[in-house]
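# Observations on the three-dimensional arrangement
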Amino acid sequence: MDPERLIAIIGAGPVGLAAAARLIERGLHPVIFEQGPGPAAAVRDWGHVRVFTPWRYLVDEAAGRMLRRNGWTPPDPDELPTGAEIADQYLEPLARLPAIARGLHTRALVTAVTRKGIGKLQTSGREQAPFLIHWQDREWQDRHTLVRAVIDASGTWYQPAPLGVMGIPVPGEEDAGERLAYGIPDVLGAERARYAGRRVLVVGGGHSAMNAVLDLLRLREAVPGTEVVWALRRAGLEHVVGGGRHDELPARGELGLAAAQAVERGDLQRLAPFSVTALSRTEHGLRVDGVHAGRHESLEVDRVVACTGFRPNTAMLRELRLELDPVMEAPPRLAPLIDPNVHSCGTVPPHGVDELRHPESGFYIAGMKSYGRAPTFLMATGYEQVRSIAAELAGDHEAAREVHLQLPDTGVCSAGPAGSCCAPAPAPRRTPSGAASCCGGG
Ligand SMILES: Cc1cc2nc3c(=O)[nH]c(=O)nc-3n(C[C@H](O)[C@H](O)[C@H](O)COP(=O)(O)OP(=O)(O)OC[C@H]3O[C@@H](n4cnc5c(N)ncnc54)[C@H](O)[C@@H]3O)c2cc1C
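This text gives an overview of the structure that appears in the document.

Criteria and cut-off values
Residues numbered from 1 in each chain as written. Predicted model: local features only at pLDDT ≥ 70, side-chain atom pairs only at ≥ 80, totals over all residues. Heavy atoms only, no water. Helix = DSSP H or I, 4+ residues; strand = E, 2+ residues; numbered from the N terminus. Expected span 1.5 Å × (residues − 1). Bend = angle between axes of the 7 residues up to and from the residue. Buried < 20%, exposed > 50% of the residue type's maximum accessible area, 1.4 Å probe, protein only. Contact = heavy atoms within 4.5 Å. Near = heavy atom within 4 Å. Polar contact = N/O pair within 3.5 Å; in protein donor to acceptor, adjacent residues only side chain to side chain. Areas by Shrake-Rupley, 256 points an atom, 1.4 Å probe, with all protein chains shown as cover. Nonpolar A, V, L, I, M, F, W, Y, C, P; charged D, E, K, R; others polar. Pairing = 2+ DSSP bridges.

### Regarding helix α4 (residues 83-96)
Over its 14 residues, α4 runs 18 Å from end to end, which matches the ideal 20 Å to within 8%, given 1.5 Å per residue. Along α4, the sharpest change in direction is near 30 degrees and occurs at Tyr-90; proline Pro-93 comes one to four residues later. Turning to α4, its buried residues are Gly-83, Ile-86, Ala-87, Tyr-90, Leu-91, Pro-93, Leu-94 and Ala-95. Check the buried side of α4 and you find it contacts α1 (14-25), α2 (41-45), α3 (61-69), α5 (98-101), β3 (104-106) and α12 (379-393).

Given below as C-alpha cells:
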C-alpha cells in the first residue's frame, strides 16, 4: 500500500487500538505492531487486577461505535472489570474487527523507528521522507514498513523502575531472581503457592502497591502464617489515602482508604520512611538492607514485591528528534500537567496534539508512555490524545485542538490541606501554555 496512506501504531493496548479506530473513522489506514501473541498483551499481564475505573471510562467512543455496528453489546457502564475482562470483552473483539485485524501484526517487535534514508543530523528533506519501521516478525526475521506518520502507544509496563531510590538497581537486586517480583503478582490466583504463609515485603506507595498489600492481606485471611511488611518512602499516610471519599472514582478513593485502614489496624508492619539499599539472597529468602527513618535496618523476608513505578523505553526512538522533559520524560508541554512536584493532585486537564508534539513532525507518543514516569495515566486520557492526533493527521486541525475530556477528579485538592496544589499557593515551577491551573479548571 502507498506509504502516504499508512499510519504506524506501536502497541495494540487500549490506546493503540483506540488510535486505530480513530484513524479508520478518518479514512486513514493503521498498521499496528504488537510484540505480544495477541492484542492487549500488557493488560493481560495484570489481568487479575480489578481496575478502579468503571467501563464507562474504559471504552473509547470511536471503538465503541465500530464494535456496536458489528453487533457488540457494551458491558454495564458502572461495573469495574478486571484487566482480563477488559481484554476479553472489549480489546479482543475490537482487534478482531476486519478493519483493524487487516492491519494488525502480532508477535511483531518494533526495534527502531527512523526516517527513510535520513540520519538524525540531516535536516534537509527530513519532513518529506517517510518513516521506516524496523521490526522483527514471529520468526525473528527483520522486516521494514514505510509509513507517513507514527503513533507510539507501546506503554511502560515492560520497563518497571528498580528498587533503588536513586533510580538504579540496588546491589543484589539483579541477582534476586524469582524472589523479587515487579508489578502486582497474582497472589490470590496463579502465584498463590509462592506467597501463602510467607513473609512478603511490598515496596512503593502508589495504587499498585496498595493492590499488592490488600491482596496479600486477603491471602493472610485464608493462610494465617502470611505476613505483610509495607515499605514506603514517605512517612505520613496522606498520600496513600489520596482523595479518599472526595475522589470522583469511588473505587480509587476506597483503595487508598482501605490501605490506610489496614495500616491503622496493625494488619501489617509498616516501615516509613524507608528506602532499600541492598538485597542479598539467604538460604530461604532475601535479606533486605535499608534506611528506616534515618537509621540502617535489615530484615529477612521470603519475597519482595517492587511497586516502584515504570519508565518509558525510548531506545527504539533514538534516531528520531524527540523532545522530552528532563524530569518526567514526557513531552515538555505535557510534563507540567502531570509532574507531581508541581501538580500533586493527579487531576490532569485535557490535552491533545499540541501538548504531544515533538520536533520530529508526524511522530507522536500517546497513552501510558506519553506520561513518561508519571503514575497518574488513565485510559480515557489516552483516548482523547489519539482522537486529537487522528484529527491532526487527517488534516482537521480545528478538531485536533478542541480537546474536551473531563476526567473524574481525584479529590486530592478538596481533601488535602491548604497549600495542596489546587489551593492558592506559590506559583508552580513552570506553566504550560494553555493550562491555567494544576486542576485545569481555569
Ligand atoms: C495494574 C494497573 C491498573 C490500572 N488501572 C487503571 C484504571 O483503573 N483505569 C485507567 O484508566 N487506567 C488504569 N491503568 C493505567 C493504564 O490505563 C493502563 O496501563 C493501560 O493499559 C495503558 O494503555 P496503553 O495502550 O497506553 O499501554 P499498554 O496497555 O501497556 O499497551 C502497550 C502495548 O504495546 C506493546 N509493545 C510494547 N513495546 C512494543 C514494541 N517495541 N513493539 C511492539 N509492541 C510493543 C505491549 O506488548 C502492549 O501490548 C492501570 C494500569 C495498571 C498497570
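### Let's talk about the site of the ligand
The environment of the ligand is formed by 30 residues, the closest being Glu-34, Val-51, Thr-53, Met-368 and Met-379. One of the backbone nitrogen or oxygen atoms of Gln-35 is found 3.0 Å away from a nitrogen atom of the ligand. Contact between the ligand and Val-110: a nitrogen atom at 3.0 Å from a main-chain N or O atom of the residue. Coverage of the ligand by the protein amounts to 93% of the 980 Å² it exposes when considered alone. Mapped onto the shell around the ligand, the elements with two or more residues apiece are α1, β2 (29-34), α2 and β4 (109-115). Broken down by element, the shell around the ligand gets its largest block of residues, three residues, from α2. Of the residues contributing to the shell around the ligand, the split by class is 22 nonpolar, seven polar and one charged.

### What about the pairing of strand β7 (residues 149-152)?
Of the two faces of β7, the one lined by Ala-149 and Ile-151 and the one lined by Val-150 and Asp-152 are each fully buried. Sheet topology note: the strand β1 (residues 6-10)/β7 ladder contains four bridges and is parallel. Along β7, the bridge assignment pairs Ile-10 with Asp-152. Bridge analysis of β7 against strand β16 (residues 363-365) gives three bridges, and the strand direction is parallel. The partner of Ile-151 across the bridge, within β16, is Tyr-364.

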